[in-house]
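Topology and contacts: notes
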Amino acid sequence: MKSKILFTAVFTAGFLLMTGCSKKTEYETTRVQTWASLETYVPEGVNYPPAEYSLPEKFYPWTGTVSHHQLTDKLIDDWFYQIKIRRSVRNFFIITPSHYGLSTQDYSVANCEWYCGKDGFVQTNTELAEEVCKQLGVTFDNEVFPVEHGASCLMPYIKKYFPKAKVVVIAVNGEPPINMPYVQKLNEGLSGFFTKSSKKKDFLIISSDFSHHSPLEETLTKDSHTMIFMNEPTPVNFLASVCDNRAGIYVMANNLTQPAKAHILYHTNSYYLSGMDELDITSYYFTLFE
């Protein structure tokens, strides 16, 4: 396929792979570069949509979907800003697709630090991540993350708006065909971390892009299926989401207080933003849920 004008997933991953990573032996933590440390910023000329959404006055978001394509830079930035002005966050749990088939276990849990250039590092909450490993029956799988833009793309925004927050990152198989025992085990392992009290301190990020590799008409059709879930975000409807992280969507749906409602901050696509690759479009949903 044609390369997109901006720093897409594969381009960013290539930069990270070429630059490599350094190991800190004290805690066996892998250091991962981000677009901020590599200074691969989005150039001007992106056709960002206007902000037309309206959120409830006393809205307290606990989870949501956000893109991991740097093309959507300003939209990712606003998504984190909308969280920031409404609440504090102690830990971000991030469920990302494992894009490149590098996972050596069913679920890849990170013990990494993400370098955000002049702003410093986003650290893993190692103690919490170890407990996640225990619940999922895995060990740390750090080699996945130096090229995993589903996590690294988001770290500079976390550092900007939540400089003291730590992260727990889990990379999963989110593409079809969906293995129900796989997603159910993921949910069972993580649900204990999403209690009513912990939701006041922690935030669950579903790092996901939606309809991929289609022309505009097909993209809009796929997005109409995704709207079935957005309109009624239940565990039964999770498969309606045409995205690269259905496993994460399943976990989110199972831990929402029902009846739930998706607050859509932005819904757009790569063709609208860039004006390029009209036969190879990715769509984006920026959402928040209580």
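In the block above lies the structure referred to throughout.
Throughout what follows, the structure given in this document is the object of discussion. (Residues numbered from 1 in each chain as written. Predicted model: local features only at pLDDT ≥ 70, side-chain atom pairs only at ≥ 80, totals over all residues. Heavy atoms only, no water.)

Moving on, we come to the overall build of the chain. Secondary structure assignment for the chain yields 10 helices and 11 strands. In terms of C-alpha radius of gyration, the chain reaches 18 Å, essentially the compact-globule figure of 19 Å for 290 residues. Seen through its C-alpha atoms, the chain measures out along the principal axes to roughly 50 × 40 × 40 Å. Long-range contacts, defined here as pairs at least 24 residues apart, represent 81% of the contacts in the chain between residues at least 6 apart. Approximately 12800 Å² of the chain is accessible, and the part contributed by carbon and sulfur atoms is 53%. Here the chain contributes 25 positively and 31 negatively charged side chains, and the mean placements of these two sets differ by 9 Å. (Helix = DSSP H or I, 4+ residues; strand = E, 2+ residues; numbered from the N terminus. Rg over C-alpha atoms; globule rule 2.2 N^0.38 Å. Contact = heavy atoms within 4.5 Å. Areas by Shrake-Rupley, 256 points an atom, 1.4 Å probe, with all protein chains shown as cover. Lys, Arg positive; Asp, Glu negative; His and termini not counted. Charge placed at Lys NZ, Arg CZ, Asp CG, Glu CD.)

On to the side chain of Ser37, then. The residue Ser37 is located in helix H2 (residues 35-38) in this model. We classify Ser37 as buried; its relative accessible area is 18%. Of the polar contacts made by the side chain of Ser37, one reaches the backbone oxygen of Thr34; its length is 2.9 Å. Not counting chain neighbours up to four residues away, the residues in contact with Ser37 comprise Tyr115, Cys116 and Gly117. (Buried < 20%, exposed > 50% of the residue type's maximum accessible area, 1.4 Å probe, protein only. Polar contact = N/O pair within 3.5 Å; in protein donor to acceptor, adjacent residues only side chain to side chain.)

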